[in-house]
Amino acid sequence: MADYYITGSVQLTNGSKAVTGIDTAWAIAQVAGGTIFVQAEGNPLPLASIESDTAATAALEWTGATGTYAYALLRATAFSEQLETNSNILSRLLVAMEAGTLYRYDVAGETADLATYNERPAGFAFLAIDVNPADLYIKASATSGDWAGPFSYGTGPAGPAPEIGFEPVITGAPSSNAGMVVTGSGEPGDPYEITFTIPAGEIGVNFRGAYSGATAYAVRDMVLNNGSSWIALQATTGNAPPVLPATANAYWQLAAAKGMDGTGTGDVIGPGGATVGRVAAFSSNTGKAIDDGGKLVADLVTGPAASEDGALVGFDGETGKVLKALTNEEAKDWLATTAADVSFDNAVAGLPDAPATLQTAIEVLAANAGGKNDAAFALALADLTGSIQGMNGGFADSYRNTAGINLPNGGRDPFTVSLLHFDGPVAGKKTVRDSAYEDYASGSPRHYWTPQGSFQISDAQSRFGGFSALFDQTANCRLLGDGSSDFAFGTGDFEVDFWIYRLASGVQHTLLDFRTAATSVAPYLYITNANVLAYYVSAANRIVGTTVIALNAWHHIKLLRQAGSTKLFLNGVQEGATYADANSYIVHAVGPFIGAALDGTLPFNGHMDELRVSKGIARNFDNFTPPVAAYGDGSSQTKLALYDAVGFQWYPRELKTTITTLRGTRINSAAIATVYTFRGVLSASMLRQTADYLRICLGGSLSGAQKQIANVFIGHKAAAGNAWDMDPATITRVTFGGNNGFTPIALTDHWSDWVPFVPDISRDLIISFDCPATSGILDQAQFGAGMIAGYSKATAQEADVAAPATYTALAAGNFIAFRGIEGKTAAKVYDDMVLESVAVASTSSPAKGRVLIETGVGSDTLIPNTDFVGEISRDNGATWATAAMALISDVGGKKLYQGDASLASQPSGMNMKYRFRNLTGKKTIVSAGGAQWGNF
């Protein structure tokens, strides 16, 4: 009997499966399922699920109208559920029967679903029905994913094939197919195997070399006999091939017959015999006859693949078999070496014994037989070839290099572009002097360094000389360079070394900075906050040291590059790794910076001493002992001597001192028409030392036409009055070429005449002049705030007035731009220059010496033995003997002086030196020198 539930009503929505009960209690009544019928047009709704007393979901969508209806819910009974179960089972059985899979399994699905059941227990079976026949997988254990299978399911494996036998393959004629007969049968379940072999074909010809009667030959063996080739027709031993013209016998068949011997005469006729290894040579001009050349190939001389027309030829190596084109230098050296064997015409020289060659002539001269001496001859050779040339007991140097000159302490040489000793004479001053090789033409310092901020010279610490530079770790406490190309190292060798004495640790301290921007290709050397050295280029540290730099002690630092490798040394020991350095280095327009970075930050706290910058050289590229003395600057040998590397000569240094220096932008502009009077007040801290005479340097603007600077005066600041007032007792006019003014040339420094003025280094100094410009344009913030102040007014010709009307201070950051002030005494123009040679060993202790000095064009008129002397020593310069110098040659203004001296009174010795000494301060340009010793 049917079981219906009819309590309440249901609300249905067209197209929806949702069934909402009104006043129903399906869950309480334990309605498990069934079908809802309503009293309206629409379809029955079999229930898929009942969620609560008032909510259910149908298996079908309601097709009738939306509304609320009375209903009857036909409950699902056990009988109906059984019918559904039986139906499902029957369906599965029918499908399995059709697929041949009527066997037990737990679940069926596609192969891809297998992993879904990886966690099932052992024995769980999964049937993959997406393949045919189906595959059965069984869990081998409870381990995840441990499946056995797949196994064949519903279809058994194929039974054994019958045993089959094959007859041998029969090979037919070429290009026909092979045939094979298959026969036999076998019982089910017996194993079977198919085996057949195709016989190998016969081999081709087998070459056995020259025929031998003792060799056993097989069919198809080939031999060479009497120049012809033969093939064996059957196995044979001791049966030789026939002799031509026969082409076969029972054992052999001819394969290739020997050709006819040549019988023609050809186009070229040779000799009846020749020596092995000799070169063939033509014996007539027809080109049709050759003969034995008489020369072995091994004796032939070879030359280069190409050469320059007219070049001299020389041997390459010592075999005498290879020639090469000599370079100009090789040809000069060889000619200089062999010149002694050139024939000599004694008709002019008139030497004793009538020497016939230069060598014998030199030997006569060496024996003091008369005429010129070989010392002068060697000096001429040195001047010609640019190298030191030996002679019979002597040497000479043309100064095309400086190998013959003794440079004190090896420091101040032509490679030294900047040398700062940071010496006094007064502590607290700010100006430093660059003691590097000056501009030899003007004698002015090669570089100017501008102090900034609280920088000063201190006597609190010193490595050499009693003074050092002091940096106090405040912003902009530093030295500014002049941006010279000397400091733009390019890709060449360079070296920078100096001493430091640290007073603080744990912060980054700048030592040297060449950069134009933070990431530019320029050196930056600093101490890290870990207290070690670091070298920074192009936005990265390239070398980082490991040794902590202790406080309150002097340390030597060296940075150098040689042939593309850069190293950093601390106290003579390399720090960090070698940097492969192909950079082309630049420098800031006012660099390098010493003691702080390019923007004035990261300042150093401590002392610095003996800083040297060298370009074009890298010394001590391995670990070394730091110097134990200041670098030489002319205090002993080579005293105050300047080397002109272009003219290959030495100049005396002018007797000047640096009173102050200042790196600054130039003044004056053609665009300004109004004449202004300017006054620049220079702090006494900038005045380095006093002198009897001084001169000043002014410069024009960067470009364009220039207006005249006039009425230049210098004086001390007045004891009282305005900041720009001058002490009337000290006002001194400064002239330029005898004139009261000059018209500047753009980018050119203009030095004044020397004027009598004695600076008082305890008083401020004032420079005033008239100039058509609105203001000075040198930036104090960058170039020396607190060290100089500028004032101006639009009234001309007040430069010589002690206390003029009111001036206006130039805007903060601006002041008058002058370059420097130099001083000197009135005693002499030039110092007494001394040039001392290196030591050269002699073979014995000589009794007599000879000195040669060549002076260059531009020297003052010199009186030998009055204005200068030549001296010679045989005991390494401990004692000197003066030579009586006399002029022996004057060619185009180059004058050669010679003098002899007795060495008998000197201690015995064999370390020979010569030297030149200037006595009266005249300008003496020395272009070569030499010495000779012996018993002449």
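## Some details on the pattern of salt bridges
By the definition in use, this model includes 19 salt bridges. Taking the shortest distance from any N to any O, the salt bridge between Arg-619 and Glu-495 comes out at 3.0 Å. Of this pair, Arg-619 sits in the loop between β41 (605-615) and β42 (641-644) while Glu-495 sits in strand β32 (residues 494-502); the two residues are 124 residues apart in sequence, bridging distant segments of the chain. There is no split in this pair, since Arg-619 and Glu-495 are both buried. Note that Asp-867 is salt-bridged to Lys-922, the shortest N-O span being 3.0 Å. Pair noted here: Asp-867 is in the loop between β60 (848-855) and β61 (868-873) and Lys-922 is in the loop between β64 (911-918) and β65 (926-934), with a separation of 55 residues, a long-range link. The exposure class assigned to Asp-867 is buried, which follows from its relative accessible area of 3%. For Lys-922, a relative accessible area of 28% translates into the label partly exposed. Each of Glu-495, Asp-497, Lys-558, Arg-612 and Arg-619 takes part in salt bridges that share partners, so that together they form one network.

## As for a nonpolar patch on the surface
Together, Tyr-4, Ile-6 and Phe-37 make up an exposed nonpolar region whose accessible area comes to about 310 Å². Secondary-structure assignment places Ile-6 in the loop between β1 (4-5) and β2 (9-12).

## What to know about the packing of aromatic side chains
To describe a pair of aromatic rings, you give the distance between the ring centres and the angle between the ring planes. Throughout the structure, instances matching the rule amount to 31 aromatic pairs. Aromatic side chains Tyr-117 and Phe-126 sit 5.6 Å apart centroid to centroid with 35 degrees between the ring planes, which places their arrangement in the tilted category. Considered together, Tyr-117 and Phe-126 belong to a single accessibility category, that of buried residues. Between Trp-724 and Tyr-791 the ring centres are 5.5 Å apart and the planes differ by 50 degrees, which places this aromatic pair in the tilted class.

## A closer look at the side chain of Thr-732
Tracing the chain through its elements places Thr-732 in strand β48 (residues 732-734). In this structure Thr-732 comes out as buried when scored by relative accessible area, which is 17%. A distance of 3.2 Å separates a polar atom in the side chain of Thr-732 from the backbone oxygen of Thr-730. Excluding residues that lie within four positions of it along the chain, Thr-732 makes contacts with Val-712, Phe-713, Ile-714, Val-755, Pro-756 and Phe-757.

## As for the confidence of the model for the protein chain
In the predicted model, the protein chain carries a mean pLDDT of 83, and 79% of its residues have values of at least 70. Scored below 50 in pLDDT, residues 191-196 makes eight contacts in the model with residues more than four places away or belonging to other chains. Between residues 368-372, whose pLDDT stays under 50, and residues either more than four places distant or in other chains, the model counts nine contacts.

## Notes on the environment of Asn-43
Note that Asn-43 resides in the loop between β4 (34-38) and β5 (45-50). Assessed through its relative accessible area of 17%, Asn-43 is described here as buried. Through-space distance from the C-alpha of Asn-43 to that of Leu-60 is 8.6 Å; in sequence the pair is 17 residues apart. In this structure, Asn-43 is in contact with Leu-60, Glu-61, Trp-62, Thr-63 and Gly-64, ignoring residues within four places of it in sequence. Polar contacts involving the side chain of Asn-43 include one to the main-chain carbonyl oxygen of Glu-61, which spans 3.2 Å. A distance of 2.6 Å separates polar atoms of two side chains, one belonging to Asn-43 and the other to Thr-63.

## Things to note about the side chain of Thr-528
The topology assignment puts Thr-528 in the loop between β34 (524-527) and β35 (533-537). Given a relative accessible area of 12%, Thr-528 falls into the buried group. Here the side chain of Thr-528 touches Ala-530 through a polar contact of 3.1 Å, landing on its backbone nitrogen. For Thr-528, the contacting residues outside a window of four places in its chain are Val-507, Gln-508 and Ala-534.

## Details of the sheet that holds strand β6 (residues 55-58)
As summarised here, the arrangement of the eight strands in space is β1-β8-β4-β5-β6-β3-β2-β7, forming an open sheet in which the pairing is antiparallel. Edge strands, defined here as strands with exactly one partner in the open sheet, are β1 and β7 (67-69). Across two bridges, the pairing between β1 and strand β8 (residues 71-75) is antiparallel. Bridged to Tyr-4 within β8 is Leu-74.

## Brief notes about the nonpolar core
Ranked by size, the top nonpolar core spans 41 residues in total, and within it Phe-498, Leu-511 and Met-608 carry the most contacts. Broken down by element, the residue count for this core peaks at four residues, all from β32. With residues near it in sequence (within four places) discarded, Leu-511 still touches Phe-498, Ile-500, Leu-525, Tyr-526, Ile-527, Leu-533, Ile-557, Phe-593, Ile-594, Gly-595, Phe-604 and Met-608. Membership of the second largest hydrophobic core comes to 27 residues, among which are Leu-662, Met-686, Leu-694 and Phe-736.

Reading guide: rules and limits
- Residues numbered from 1 in each chain as written.
- Predicted model: local features only at pLDDT ≥ 70, side-chain atom pairs only at ≥ 80, totals over all residues.
- Heavy atoms only, no water.
- Salt bridge = Lys/Arg side-chain N within 4 Å of Asp/Glu carboxyl O.
- Helix = DSSP H or I, 4+ residues; strand = E, 2+ residues; numbered from the N terminus.
- Buried < 20%, exposed > 50% of the residue type's maximum accessible area, 1.4 Å probe, protein only.
- Patch = residues over 30% accessible without salt bridge, like charges linked within 9 Å, V, L, I, M, F, W, Y side chains within 5 Å.
- Areas by Shrake-Rupley, 256 points an atom, 1.4 Å probe, with all protein chains shown as cover.
- Phe/Tyr/Trp six-rings, centres within 6.5 Å; stacked < 30°, edge-to-face > 60°.
- Polar contact = N/O pair within 3.5 Å; in protein donor to acceptor, adjacent residues only side chain to side chain.
- Contact = heavy atoms within 4.5 Å.
- pLDDT = per-residue confidence, 0-100.
- Pairing = 2+ DSSP bridges.
- Core = buried A, V, L, I, M, F, W, Y, C linked by side-chain atoms within 4.5 Å.

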